[in-house]
2 protein chains.
Amino acid sequence: MQGTPPPQPATAYPPTGRTVPTRSPERASYDRELVHAILDEGYVCHLGFVRDGAPVVLPTLYARVGERLYVHGSTGSRPLRAAGRAGAGLPVCLTVTHVDGLVLARSAFHHSINYRSVVVHGLAHDVTDPGEKRRALDALVDHVVPGRTADSRPANKKELAATAVIRLDLEEVSAKLRTGGVNDEPEDLALPHWAGVVPLRKGHDAPLADPGLAPGTALPSYLAAL
Amino acid sequence: MQGTPPPQPATAYPPTGRTVPTRSPERASYDRELVHAILDEGYVCHLGFVRDGAPVVLPTLYARVGERLYVHGSTGSRPLRAAGRAGAGLPVCLTVTHVDGLVLARSAFHHSINYRSVVVHGLAHDVTDPGEKRRALDALVDHVVPGRTADSRPANKKELAATAVIRLDLEEVSAKLRTGGVNDEPEDLALPHWAGVVPLRKGHDAPLADPGLAPGTALPSYLAAL
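Looking at an unreviewed UniProt entry, chain A carries the name Pyridoxamine 5'-phosphate oxidase family protein, with the source organism given as Streptomyces prasinosporus.

Structure below.
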């Protein structure tokens, strides 16, 4: 039962004028797996759009499904309404950043941050297909806690109607990273200042149950495993 | 020796058309102390600007000095060059977000995130005064680790010339927060799904010293206290 394998996306996003940085090009990456990993690790993106000629940057939940990102919100929210009105799509920039460490150099100039970020440029489109919209909403819940969609009451008609979803395809994408230690000037190495990296840690504390849980409701395994 | 007290800024930023949200206005705040606290807790902001009519959102270090924010970068970086060229200032939106918890409701629809964010709209100006520029750079280092500027080699002329600093005044500013527990519909309370909040934790791991520290260089007290 062999057949033609499904088409595989290239392993890297093609660089464009917008995704090649003017500074520190050695920190840029277009690797698809790396981009996906950075996106999947985040909870909140920063979504930029233009309103009345000025930039607006808002934090919002997002989820990735293959090569598409989804953002949701109230049908009354301004960027989502604007995407609905924009027939050709609303120009957006969606950025996800993880701060991994503080880099303390001997010189003030070489202080830095270890980070991993992804910047996506493109046109956001209103999702109107009911099936795609429901899959996107499921992905948004599962992005917060994997497995959670199956253990919650699905959205009803009224809730679906009150929710707008926009889609942004992963086409014009780059990652940018700084990793490793300090980069001091050779002539500064003998200075008496401590230098090194302070790693930042992320984690969860114990889940706090709602006081009104139905009797006998246990902490689900997907949360105990966090 | 009583005199006229120094002028105090109002305790709240005046709301504007851009800083009053269309959704969940009860989550918005204009309280100056709250805005300062959210800004001072972050390491990286997301800076939005418009290039060729499209939005660009980049993560970058920042620091607050009173009612001013500073962002720095290479003199070759695109937003900083644009701010230098824009005589009247470059329209930007600077956003800082902390993700505090995952809110798991019984219904998919009421899943949410506890967060605190600050959004600043305004015009970014190139900092040309040498004294202000040096104070801004000191603040950027001290924002990463308080007390660090005094324990590092200050920027020399060449480094100062290679660094651009832009200033954004805190005038059109709002905070937005979600705190607390789940907001399920009354008819969902008896459902058998676990509901509650998963608090997210931030912290530091032990500092990793550069292998080439000058002999006898101890971990400074401001790092041991982190």
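Engineer: I would appreciate a short explanation of the overall build of chain A in the present structure.
Structural biologist: When its secondary structure is counted, chain A shows five helices and eleven strands. Within chain A, the proportion of its 226 residues that are buried is 53%. Considering only residue pairs separated by 6 or more positions, chain A has 71% of its internal contacts joining residues 24 or more positions apart. Total accessible area on chain A is roughly 10500 Å²; 57% of this is exposed by carbon and sulfur atoms. Side chains of chain A carry 24 positive and 24 negative charges; the gap between the two charge centres is 7 Å.

Engineer: Would you take a moment to explain the interface of chain B and chain A for this structure?
Structural biologist: Often, the extent of an interface is quoted as the loss of accessible area on bringing the components together. If you look at the interface, chain B gives 89 residues, while chain A gives 89 residues. Interface area for chain B against chain A, summed over the two sides, is near 7300 Å², with a carbon-plus-sulfur share of 63%. Our count for the contact surface shared by chain B and chain A stands at six salt bridges. Between R106 of chain A and D210 of chain B there is a salt bridge, with its nearest N and O atoms 2.9 Å apart. Along the contact surface separating chain B from chain A lie 35 residue pairs in polar contact (both at pLDDT 80 or more).

Engineer: Sorry, what's going on with the pairing of strand β8 (residues 163-169) of chain A here?
Structural biologist: The side chains of a regular strand alternate, residue by residue, between the two faces of the sheet. Residue and element names in this part refer to chain A. Where burial is concerned, most of β8 is hidden: six out of the seven residues are buried. Direction of pairing for strand β5 (residues 68-74) relative to β8: antiparallel, over a ladder of seven bridges. The residue bridging V71 from the neighbouring strand is I166, located in β8. Across two bridges, the pairing between strand β7 (residues 112-126) and β8 is antiparallel. When the sheet's bridge partners are listed, D126 is paired in β8 with I166.

Engineer: Looking at this model, I keep getting lost on the packing of aromatic side chains. Mind explaining?
Structural biologist: Geometry of an aromatic ring pair is reported as the spacing of the ring centres plus the angle between the planes. Taken as a whole and assessed by the stated rule, the structure comprises zero aromatic pairs over all chains. The ring of Y13 of chain A is capped by R32 of chain A, whose NZ or CZ atom sits 4.2 Å from the centre of that ring.

Engineer: Explain the relation of the copies chain B and chain A to me, please; I cannot follow it from the model alone.
Structural biologist: Put simply, the second copy of the chain is the first one after a rotation about an axis and a shift along it. Taken as rigid bodies, chain B and chain A are interconverted by a rotation of 180° and an axial shift of 0.0 Å, the fit giving an RMSD of 0.0 Å. Such values leave the two copies arranged in the relation of a two-fold axis. Ranked by how close their C-alpha atoms come to the rotation axis, the residues of chain B are headed by K202 of chain B, at 2.5 Å. Interface overlap between copies is the fraction of interface residues in one copy that are interface residues in the other; for chain B against chain A it reaches 100%, indicating a shared surface.

Engineer: Can you walk me through the pairing of strand β9 (residues 172-178) of chain B in this structure?
Structural biologist: All names here are of chain B. Of all seven residues that make up β9, six are buried, and the element is covered over most of its length. Pairing analysis gives two bridges linking strand β1 (residues 28-29) to β9, with the strands arranged antiparallel. Residue pairing in the sheet places A28 in a bridge with K176 of β9. Across seven bridges, the pairing between strand β7 (residues 112-126) and β9 is antiparallel. The partner of S117 across the bridge, within β9, is K176.

Engineer: Where do I start with the pattern of salt bridges in this structure?
Structural biologist: Side chains carrying opposite charge are able to pair once their charged atoms draw close together. Tallying each qualifying case throughout the model produces 32 salt bridges over all chains. The closest approach of N and O atoms between D169 of chain A and R68 of chain A, which form a salt bridge, is 2.9 Å. In this pair, D169 of chain A is assigned in strand β8 and R68 of chain A in strand β5, connecting sequence segments 101 residues apart. When the shortest N-O distance is used, the salt bridge between K202 of chain B and E41 of chain B registers 3.3 Å. Taken together, the positions of K202 of chain B in strand β10 (residues 196-204) and E41 of chain B in helix α1 (residues 32-41) put the pair 161 residues apart, joining distant regions of the chain. Assessed through its relative accessible area of 53%, K202 of chain B is described here as exposed. Here the salt bridges share partners, and the residues they tie into one network are E41, D100, R116 and K202 of chain A.

Engineer: Would you take a moment to explain the side chain of T95 of chain B for this structure?
Structural biologist: One can find T95 of chain B in strand β6 (residues 90-104). A polar side-chain atom of T95 of chain B sits 2.7 Å from the main-chain carbonyl oxygen of V57 of chain A. Apart from the residues lying within four places of it in its own chain, the contact partners of T95 of chain B are H46, V57 and P59 of chain A together with C45, H46, V118 and V119 of chain B.

Engineer: Sorry, what's going on with unusual backbone geometry here?
Structural biologist: With the exception of glycine, most residues fall at negative phi, and the peptide bonds are largely trans. Positive phi, normally seen in glycine, also occurs at D52 of chain A, with a value near 50°. Turning to its location among the elements, D52 of chain A is positioned in the loop between β2 (44-51) and β3 (54-61).

Engineer: I keep staring at helix α3 (residues 130-144) of chain A and nothing clicks. Help me out?
Structural biologist: Helical geometry: 3.6 residues make up each α-helical turn, so side chains three or four residues apart lie on a common side. For α3 of chain A, built from 15 residues, the straight-helix expectation of 21 Å at 1.5 Å per residue is met to within 8% by its first-to-last C-alpha distance of 22 Å. Two or three places before G131 of chain A, at the opening of α3 of chain A, D129 of chain A has a side-chain oxygen 3.1 Å from that residue's backbone nitrogen.

Engineer: What am I meant to see in helix α1 (residues 32-41) of chain A here?
Structural biologist: Residue and element names in this part refer to chain A. Buried within α1 are the following residues: R32, V35, H36, I38 and L39. End-on view of α1: buried residues confined to an arc of 165°, all on one side of the axis. Lining the buried residues of α1 we find β4 (63-65), β5, β6 (90-104), β7, α3 and β9 (172-178). If you check the start of α1, you find a side-chain oxygen 3.2 Å away from the backbone N of E33, and it comes from D31.

Engineer: It is not clear to me how the environment of A88 of chain A should be interpreted in this structure. Could you clarify?
Structural biologist: Among the secondary structure elements, A88 of chain A is positioned in the loop between α2 (78-85) and β6. When the C-alpha positions of A88 of chain A and T217 of chain A are compared, they lie 47 Å apart, and in sequence the two are 129 residues distant.

Cut-offs applied
- Residues numbered from 1 in each chain as written.
- Chains lettered and ligands numbered in written order.
- Predicted model: local features only at pLDDT ≥ 70, side-chain atom pairs only at ≥ 80, totals over all residues.
- Heavy atoms only, no water.
- Helix = DSSP H or I, 4+ residues; strand = E, 2+ residues; numbered from the N terminus.
- Buried < 20%, exposed > 50% of the residue type's maximum accessible area, 1.4 Å probe, protein only.
- Contact = heavy atoms within 4.5 Å.
- Areas by Shrake-Rupley, 256 points an atom, 1.4 Å probe, with all protein chains shown as cover.
- Lys, Arg positive; Asp, Glu negative; His and termini not counted.
- Charge placed at Lys NZ, Arg CZ, Asp CG, Glu CD.
- Buried area = accessible area lost by both parts, 1.4 Å probe.
- Salt bridge = Lys/Arg side-chain N within 4 Å of Asp/Glu carboxyl O.
- Polar contact = N/O pair within 3.5 Å; in protein donor to acceptor, adjacent residues only side chain to side chain.
- Pairing = 2+ DSSP bridges.
- Phe/Tyr/Trp six-rings, centres within 6.5 Å; stacked < 30°, edge-to-face > 60°.
- Lys NZ or Arg CZ within 6 Å of the ring centre and 35° of its normal.
- Least-squares fit on C-alpha atoms with pLDDT ≥ 70 in both.
- Expected span 1.5 Å × (residues − 1).
- Arc of directions from axis to C-beta.

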